[in-house]
Amino acid sequence: MRPLARSADATLRAYTGMPRSARRPLLLITLIAAALRLYHLGHLSFWYDEAATVILSRNLAQLPQSLTASAPLPFVVAHYWDLLGQSELWVRLWAALLGIAIVPLVWAIGRKLFSNRAGLFAATLVAVNPLCIYYSQEARGYSMLPFFIIASAYFWLVAADRRRWWPYGLLASVTLALAFYSHYSAVLWIASLPLAMLVMTRSRRELLSLFWLDLKTLAASFLLISPWLLVFVDKATTTVSV
């Protein structure tokens, strides 16, 4: 059994990069985050924005006509999620689960950039942060946006470390696009990728390598968000002409 256990342990480290010393602390931190976000999740009634999300998500066919200022993905998720229930707890649960999932993602970035201890410290700060808890308990896209941004940051860091776009650069592109579909303020993060490239480079060769990585990542992201941009522009043009 011991060789089998060692083999399983090596496999887990190979796929997750997680050392044994981080598993229990990270699990404990994640459980604390879950408890804080799930506590009294359905205690309060929907407020105006949450009710608007529920109402608008019922008819996806009208989504392009109904939305110009709000990104569509939270409404799409709410549409299919709400098919299984309509209670305050259930409607908010998907946002809470994304808020919980942010915690191990933050650990992964902290460990990759600095150390396991730094990752655990950062994950703890996110787990108990009042604003993170508050926005994870709303049936809106406020926990979806940081989840996809942090995921894209992790995938981009892995791709940059390997100096290869495939497959982590593609995952960074997909999560960048999903962040945009979650909230339009994601364009600020998308625009910051060239800055990250400059910070991480130590030579011209590295700069050129990361330049092509950034270019592919941003190009793929733009292709993924272009359908909604066309809808958005068409809606804005129609409104102006009227």
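Before any of the text, the structure's been laid out above.
Residues numbered from 1 in each chain as written. Predicted model: local features only at pLDDT ≥ 70, side-chain atom pairs only at ≥ 80, totals over all residues. Heavy atoms only, no water.

> Lay out the nonpolar core in plain terms, naming residues and giving numbers.
Of all hydrophobic cores here, the largest spans 53 residues; its most connected members are Val103, Trp107 and Trp156. For this core, the leading source of residues is helix H9 (residues 144-162), giving 13 residues. What Val103 contacts, discounting residues up to four positions off in sequence, is Ile29, Thr30, Ala33, Ala123, Val126 and Ala127. (Core = buried A, V, L, I, M, F, W, Y, C linked by side-chain atoms within 4.5 Å. Buried < 20%, exposed > 50% of the residue type's maximum accessible area, 1.4 Å probe, protein only. Helix = DSSP H or I, 4+ residues; strand = E, 2+ residues; numbered from the N terminus. Contact = heavy atoms within 4.5 Å.)

> Please provide a residue-by-residue account of the packing of H9 against helix H10 (residues 168-182), values included.
A pair of packed helices can be characterised by two numbers: the angle between their axes and the separation between those axes. Running from N to C, H9 and H10 cross one another at 160 degrees; their axes reach a closest spacing of 8 Å. Taken as axis vectors, H9 and H10 run roughly antiparallel relative to one another. As H9 packs across H10, the resulting crossing turns out to be left-handed. Counting all contacts with H9, which are made through Met144, Leu145, Phe148, Ile149, Ala151, Ser152, Phe155, Trp156, Val158, Ala159 and Arg162, the residues of H10 involved are Tyr168, Gly169, Leu171, Ala172, Thr175, Leu176, Leu178, Ala179 and Ser182. Looking at the contact of H9 with H10 residue by residue, the class counts come to 15 nonpolar, four polar and one charged. (Axes fitted to C-alpha atoms, helices over the stretch in contact; angles between N-to-C directions. Parallel < 35°, antiparallel > 145°, perpendicular 65-115°, else oblique. Left-handed = near helix turned anticlockwise from the far one by under 90°. Nonpolar A, V, L, I, M, F, W, Y, C, P; charged D, E, K, R; others polar.)

> An account of the packing of helix H5 (residues 73-81) against helix H6 (residues 88-113) is needed here, citing residue identities and associated values.
Look at H5 against H6: their axes get within 10 Å of each other, and the N-to-C directions meet at 130 degrees. For the element pair H5 / H6, the angle class is oblique. Relative to H6, H5 is oriented so that their crossing is right-handed. Along the contact surface, H5 presents Pro74, Val77, Ala78 and Trp81, while H6 presents Trp90, Val91, Leu93, Trp94 and Leu97. By residue class, the composition of the contact of H5 with H6 is nine nonpolar, no polar and no charged.

> Tell me about the packing of aromatic side chains, and name the residues and values.
Under the defined criterion, the tally for this structure stands at nine aromatic pairs. Between the aromatic rings of Phe147 and Phe148, the centroid separation amounts to 5.2 Å while the plane-to-plane angle is 70 degrees, which identifies the pairing as edge-to-face. Exposure class is identical for Phe147 and Phe148. Each is buried. Ring plane angle 35 degrees and centroid distance 6.2 Å describe the contact between Phe155 and Tyr168, whose orientation is recorded as tilted. Within this pair, whereas Phe155 is found in helix H9, its partner Tyr168 is found in helix H10, the two being separated by 13 residues in sequence. With relative accessibility at 18%, the residue Phe155 sits in the buried group. Grouped by ring-pair contacts, the aromatic residues Tyr134, Tyr135 and Tyr142 constitute a single cluster. (Phe/Tyr/Trp six-rings, centres within 6.5 Å; stacked < 30°, edge-to-face > 60°.)

> Give me the lowdown on the environment of Leu93, citing residues and values where you can.
Following the sequence through the fold, Leu93 ends up in helix H6. Those residues in contact with Leu93 that lie beyond four places of it in its chain are Leu38, Leu41 and Trp81.

> Before we move on, could you go through the pattern of salt bridges and cite the residues and values that matter?
Opposite charge on two side chains permits them to pair, given that their charged atoms come into close proximity. Applying the stated rule across the entire model yields two salt bridges. A salt bridge links Arg92 to Glu50; its shortest N-O distance comes to 2.9 Å. Placement of Arg92 in helix H6 and of Glu50 in helix H3 (residues 48-56) is noted, with a sequence separation of 42 residues between them. Of the two residues, Arg92 and Glu50, both sit in the buried class. The shortest N-O distance in the salt bridge between Asp161 and Lys112 comes to 3.6 Å. (Salt bridge = Lys/Arg side-chain N within 4 Å of Asp/Glu carboxyl O.)

> Now, about a nonpolar patch on the surface: what can you tell me, with residues and values included?
Residues Leu28, Ile32, Leu36 and Val128 make up a contiguous nonpolar surface patch of about 330 Å² in total accessible area. Top element by residues in the nonpolar patch is helix H2 (residues 20-38). It accounts for three residues. Of note, Leu36 is situated in helix H2. (Patch = residues over 30% accessible without salt bridge, like charges linked within 9 Å, V, L, I, M, F, W, Y side chains within 5 Å. Areas by Shrake-Rupley, 256 points an atom, 1.4 Å probe, with all protein chains shown as cover.)

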